[in-house]
Amino acid sequence: MAYITLNKNNFFNNLDIIANRTKSVDKIALVLKDNAYGHGLLEMATLAKEYGVKKAVVRTCKEAQKVESFFEYILVLADNTTCENEKIRYTINDIKSIKEFPKGTKVELKVDTGMHRNGIAMDELEAAFLKIKEAELLLEAVFTHHRSADEFTSEWFWQRENFKKVKEKSRVLAKEFGFSELRFHSSNSAALFRWTNFDEDMARVGIAAYGCMKLPNALHVEKFKPVLSLWANRISSREVKQGHRVGYGGDFEAKEECVCVISNYNFGYGDGFLRACANGYKTPHGIELSGRISMDNSSFVSDKDEILVFNDAREAASYAKTISYEVLTSLKADLNREIV
Ligand SMILES: *Cc1c(COP(=O)(O)O)cnc(C)c1O
């Protein structure tokens, strides 16, 4: 079976760059949802703790419980079950869901400032505060999410302006309803790097920490290094002659007059490597895929015992016409992960 290596120096390098931007390690909330973007939830939680990261963001209550001992603060983005835990905060994504949280639950209110996916509408703010008060929930923060922070357009600016209004109104409402002082956050990785002078209470950083953020050239941020590499081992080798075709459908055809060695390696889409990578895919060392990715097998023009399949998910993503997030989160949880 293929395996994953996680480069600790690269991860710490990325966290250094992020902490420099947030101006404090305490303002980094590391996004660990979806098995830490395929890197391995416990592996990345361990490294994050070692670095000094105190906050984490996950999707579900189950994920939060798994990393409970590593962090001081955990935000659950979307789960309708709650588990009792001092460290966990739950997101209110819809005004109608407020009544479903048990009394005394720590909550954060998500406001829709333009993405129109989750969160209450901006004009529901007062009604939401009232419902939170009636439900006796502990409101700690108000936050939002940008839809286009990774694009070189004005979108980030108007959404930030909308959130500014939300902040002002929330501060007034918090006083009115007798809530304690609220925290505010809006930035994912790309949004954090749009600020020239970041002044929020934390940033929810995922892809930048994993070293695979992609921004247009005009917004380029230097020196992030990918954390995850995928490796595979040879199962068998054969010589193919001109005209021999390899794999399902025979999509690869040996064209050379000379004999060429094709080896088959122990990974495929069953391990979560995208099948959309096909003929034409090349590894970082220039080794060419021959034919299709099968479930547990993939053949390359190579005689090596071990190959590096990719070490930058952005490159694999460009072959598969997708984004690094999908390449990474597709990797199955049962692949061995080794910190190097
Ligand atoms: C996934 C997610 C993030 C992290 O986004 P990146 O682009 O990986 O930094 C932040 N906030 C919310 C609400 C998310 O769902």
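Residues numbered from 1 in each chain as written. Predicted model: local features only at pLDDT ≥ 70, side-chain atom pairs only at ≥ 80, totals over all residues. Heavy atoms only, no water.

1. Structural notes on the packing of helix α5 (residues 125-134) against helix α6 (residues 155-177)
Between two packed helices, the angle of one axis relative to the other and the distance separating the axes together describe the packing.
Next up, step 1: It is the contact of α5 with α6, at a shortest axis distance of 10 Å, that shows an interaxial angle of 35°. The handedness of the crossing between α5 and α6 comes out as right-handed. Along the contact surface, α5 presents Leu125, Glu126, Phe129, Leu130 and Lys133, while α6 presents Val166, Lys169, Ser170, Leu173, Ala174, Glu176 and Phe177. (Axes fitted to C-alpha atoms, helices over the stretch in contact; angles between N-to-C directions. Helix = DSSP H or I, 4+ residues; strand = E, 2+ residues; numbered from the N terminus. Left-handed = near helix turned anticlockwise from the far one by under 90°. Contact = heavy atoms within 4.5 Å.)

2. Quick word on the nonpolar core
Next up, step 1: One finds Phe11, Leu32, Leu109, Phe129, Leu230, Phe267 and Phe310 to be the most contacted residues of the largest nonpolar core, which totals 108 residues.
Next up, step 2: The residues that make up this core include at least three from each of domain 1 (8-213) and domain 2 (228-339).
Next up, step 3: Residues within four places of leucine 32 in sequence aside, it is in contact with Leu41, Met44, Ala45, Ala56, Val57, Val58, Glu63, Phe71 and Tyr210. (Core = buried A, V, L, I, M, F, W, Y, C linked by side-chain atoms within 4.5 Å. Buried < 20%, exposed > 50% of the residue type's maximum accessible area, 1.4 Å probe, protein only. Domains from an automatic or database assignment.)

3. Things to note about the pairing of strand β11 (residues 228-240)
Next up, step 1: Sheet analysis places strand β1 (residues 3-6) next to β11, joined by four bridges and oriented antiparallel. Paired with threonine 5 across the two strands is serine 229, which belongs to β11.
Next up, step 2: Where β11 meets strand β17 (residues 306-310), four bridges bridge the pair, whose relative direction is antiparallel. By the bridge assignment, tryptophan 231 is partnered in β17 with leucine 308.
Next up, step 3: When β11 meets strand β14 (residues 260-265), the two strands line up antiparallel, connected through six bridges. (Pairing = 2+ DSSP bridges.)

4. Some words on the domain arrangement of the protein
Next up, step 1: For the protein, the domain assignment lists domain 1 (8-213) and domain 2 (228-339).
Next up, step 2: Taking both partners together, domain 1 and domain 2 bury about 1100 Å²; carbon and sulfur atoms supply 64% of that area.
Next up, step 3: When residues of domain 1 are sorted by the area they lose upon contact with domain 2, Tyr37, His39 and Cys212 head the list and together hold 38% of the total.
Next up, step 4: Summed over the shared surface of domain 1 and domain 2, the result is zero salt bridges.
Next up, step 5: Here domain 1 is connected to domain 2 by five residue pairs in polar contact (both at pLDDT 80 or more).
Next up, step 6: Where the side of domain 1 that touches domain 2 is concerned, the elements lending two or more residues are α2 (33-37) and α3 (41-51).
Next up, step 7: No other element matches α2, which puts three residues into the side of domain 1 that touches domain 2.
Next up, step 8: Broken down by class, the residue content of the side of domain 1 that touches domain 2 amounts to five nonpolar, five polar and three charged. (Buried area = accessible area lost by both parts, 1.4 Å probe. Salt bridge = Lys/Arg side-chain N within 4 Å of Asp/Glu carboxyl O. Polar contact = N/O pair within 3.5 Å; in protein donor to acceptor, adjacent residues only side chain to side chain. Nonpolar A, V, L, I, M, F, W, Y, C, P; charged D, E, K, R; others polar.)

5. Here we look at α6
Next up, step 1: Across its 23 residues, α6 extends 32 Å between first and last C-alpha, which sits within 8% of the 33 Å expected from 1.5 Å per residue.
Next up, step 2: Those residues of α6 that sit buried are Glu155, Trp156, Gln159, Asn162, Phe163, Val166, Lys167, Ser170, Leu173, Ala174 and Phe177.
Next up, step 3: On its buried face, α6 is in contact with β6 (106-112), α5, β8 (138-143), β9 (183-185) and α7 (189-192).
Next up, step 4: Immediately downstream of α6, the backbone of glycine 178 shows phi near 75°, a positive value. (Expected span 1.5 Å × (residues − 1).)

6. Thoughts on the site of the ligand
Next up, step 1: Around the ligand lies a shell of 13 residues, among which Lys33, Tyr37, Ser189, Arg204 and Tyr325 are the nearest.
Next up, step 2: Between the ligand and the protein, one listed contact pairs an oxygen atom with a side-chain N or O atom of serine 189 at 2.5 Å.
Next up, step 3: Between the ligand and the protein, one listed contact pairs an oxygen atom with a backbone N or O atom of glycine 206 at 3.0 Å.
Next up, step 4: Notes on the ligand: free accessible area 390 Å², of which the protein chains cover 93%.
Next up, step 5: Every element with two or more residues in the shell around the ligand is listed here: α2 and β10 (203-205).
Next up, step 6: Partitioned by chemical class, the residues of the shell around the ligand number six nonpolar, four polar and three charged. (Near = heavy atom within 4 Å. Areas by Shrake-Rupley, 256 points an atom, 1.4 Å probe, with all protein chains shown as cover.)

7. Remarks on the packing of helix α1 (residues 8-22) against α3
Next up, step 1: Running from amino to carboxyl end, α1 crosses α3 at an angle of 55°, the nearest separation of the two axes being 11 Å. In terms of orientation, α1 lies oblique with respect to α3. With respect to the hand of their crossing, α1 and α3 are arranged in right-handed fashion. Residues Lys8, Phe11, Phe12, Leu15, Asp16 and Ala19 of α1 touch α3, and the partners they reach there are Met44, Leu47, Ala48, Glu50 and Tyr51.
Next up, step 2: Looking at the contact of α1 with α3, its residues break down into eight nonpolar, no polar and three charged. (Parallel < 35°, antiparallel > 145°, perpendicular 65-115°, else oblique.)

8. A look at the state of the cysteines
Next up, step 1: Under the defined criterion, the tally for this structure stands at one disulfide.
Next up, step 2: Across the disulfide from cysteine 61 sits cysteine 83; the S-S distance is 1.9 Å. Taken together, the residues cysteine 61 in helix α4 (residues 61-66) and cysteine 83 in the loop between β4 (73-76) and β5 (88-92) connect sequence positions 22 residues apart. Like cysteine 61, the residue cysteine 83 is buried in the burial classification.
Next up, step 3: Residue cysteine 212 stays outside any disulfide, its sulfur separated by 14 Å from that of cysteine 277, the closest cysteine. (Disulfide = S-S within 2.5 Å.)

9. Some details on the environment of valine 327
Next up, step 1: For valine 327, the position within the fold is in helix α9 (residues 324-329).
Next up, step 2: For valine 327 and glycine 38, which are 289 residues apart along the polypeptide, the C-alpha to C-alpha distance reads 8.6 Å.
Next up, step 3: If near-sequence neighbours (up to four positions away) are discounted, valine 327 is found in contact with Gly272, Leu274, Phe310, Ala313, Ala316, Ala317 and Thr322.

10. Things to note about the pattern of salt bridges
Next up, step 1: For the coordinates displayed, the defined rule picks out 15 salt bridges.
Next up, step 2: In this structure, the salt-bridge partner of glutamate 50 is lysine 8, at a minimum N-O distance of 2.6 Å. Note that glutamate 50 is positioned in helix α3 and lysine 8 in helix α1, a separation of 42 residues in sequence.
Next up, step 3: Owing to a relative accessible area of 46%, glutamate 50 belongs among the partly exposed residues under this scheme.
Next up, step 4: A salt bridge links arginine 89 to glutamate 140; the nearest nitrogen and oxygen atoms lie 2.7 Å apart. Here the residue arginine 89 occupies a position in strand β5, and glutamate 140 occupies one in strand β8, the gap between them amounting to 51 residues.

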